[in-house]
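What follows is the residue order along each chain.
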Amino acid sequence: MNLYLRYFDKEILVNTVDEAIAFLSDIEEIGMNRALETDIRDYVASDVAYPKRYKIRPRVYFIIIKTEAATMEDFKEKRAVREVSAPKAAAPAVMRLNEEHYGWYEGQLDFKRVAMMPGTGKFQYRDTRFVARCKAYSGLDCYNRIVDHLSQRVDSRSQFPSSKGKNYKFTFLGECK
């Protein structure tokens, strides 16, 4: 595992955390201290694969990236990029959204509903859950039917989530005739 470090136009690819700390110690503005050194060593020792950004002052940072690249050229050409896998639970629901299968669906939608406050007469957004069963051709068709139904019955300023987001869930209940 190698480390890529960058601070403005100063950059380096090193093999050890000691080399990284030596590089950062040579940059006066960073102000290397024992706490920063300990944090860098902990980051390098951890299983975290994402880049780490350290704040020097407002809007000024240096970054450290763990990489498998052996040379700076390999790193710049992204030859040793680690693949980050997507969440496995979210993918099937999004993929099933457009599968056409005519039947009964149960859709659950969490949306922001505009409601008037009785005491003040002012309006505010309220989190609202709506569950409905309907005949539809797909999970997306079920979503569209629910949103059409609600848009005729709630304030037009209400906000509906995306059909692909975490605030919409559907279940295929069975075929219909």
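Residues numbered from 1 in each chain as written. Predicted model: local features only at pLDDT ≥ 70, side-chain atom pairs only at ≥ 80, totals over all residues. Heavy atoms only, no water.

A. Looking closely at the packing of aromatic side chains. Going through the model one piece at a time under the given rule, you end up with nine aromatic pairs. When the centroid spacing of 4.7 Å and the interplanar angle of 35 degrees are considered together, the rings of Y102 and Y137 count as tilted. You can see Y102 sitting in the loop between α4 (90–96) and β5 (103–116) and its partner Y137 sitting in the loop between β6 (123–136) and α5 (139–151), a full 35 residues away along the chain. In this structure Y102 comes out as partly exposed when scored by relative accessible area, which is 32%. Here F111 and F160 contribute two aromatic rings whose centre-to-centre distance is 5.2 Å and whose plane-to-plane angle is 35 degrees, an arrangement assigned as tilted. Here F111, found in strand β5, pairs with F160, found in the loop between α5 and β7 (168–175); they are 49 residues apart in sequence, far enough to count as distant. The buried category is assigned to F111, whose relative accessible area is 4%. Among the aromatic residues, ring-to-ring pairing joins Y105, Y143, Y168, F170 and F172 into one connected group. For the cation-ring pair, R53 lies above Y61, with the distance from its terminal atom to the ring centre recorded as 4.0 Å. A cation over a ring is seen here: R157 above F123, with NZ or CZ 4.5 Å from the ring centre. (Phe/Tyr/Trp six-rings, centres within 6.5 Å; stacked < 30°, edge-to-face > 60°. Helix = DSSP H or I, 4+ residues; strand = E, 2+ residues; numbered from the N terminus. Buried < 20%, exposed > 50% of the residue type's maximum accessible area, 1.4 Å probe, protein only. Lys NZ or Arg CZ within 6 Å of the ring centre and 35° of its normal.)

B. Spotlight on the nonpolar core. Among the nonpolar cores identified, the biggest contains 18 residues, and L5, L24, I30, I40, Y54, F62 and I64 are the most heavily contacted of them. Mapped by element, the contributors of at least two residues to this core are β1 (2–7), α1 (17–25), α2 (34–45) and β4 (60–67). In terms of residues, this core owes the most to one element, α1, which gives five residues. Those residues in contact with L24, other than ones at most four positions away along the chain, are L5, I30, M32, I40 and F62. Of all hydrophobic cores here, the second largest spans 14 residues; its members include L109, F111, C134 and Y168. (Core = buried A, V, L, I, M, F, W, Y, C linked by side-chain atoms within 4.5 Å. Contact = heavy atoms within 4.5 Å.)

C. Just the pairing of β4, in detail. Within β4, seven of the eight residues are buried, leaving the element largely enclosed by the surrounding structure. The sheet contact formed by β1 and β4 spans five bridges and is antiparallel. The residue of β4 that forms the bridge with L5 is I64. Judged from the five bridges that link them, strand β3 (residues 52–57) and β4 form a sheet pairing that is antiparallel. Its bridge partner lying in β4, K55 is registered against Y61. Here β3 folds back onto β4, and the loop between the two strands holds two residues, one of which, R59, carries a positive phi near 65 degrees. (Pairing = 2+ DSSP bridges.)

D. Local environment of α2. Between its first and last C-alpha, α2 extends 16 Å over twelve residues, near the 16 Å set by a 1.5 Å rise per residue. Those residues of α2 that sit buried are L36, I40 and Y43. The arc that holds every buried residue of α2, seen down its axis, measures 60 degrees, which confines them to one face. Turned more than 90 degrees from where α2 packs its buried face, R34, A35 and A45 sit exposed. Looking at the buried residues of α2, the elements they touch are α1, β3 and β4. (Expected span 1.5 Å × (residues − 1). Arc of directions from axis to C-beta.)

E. Quick look at α5. Taking 1.5 Å per residue, 13 residues should reach 18 Å; α5 reaches 18 Å between its end C-alpha atoms and fits that length. Residues of α5 that are buried: G139, D141, C142, Y143, I146, V147 and L150. Tucked into the core, α5 has its buried residues touching β5, β6 and β7.

Interpretation note: all reported values are geometric properties and have no functional meaning in isolation.
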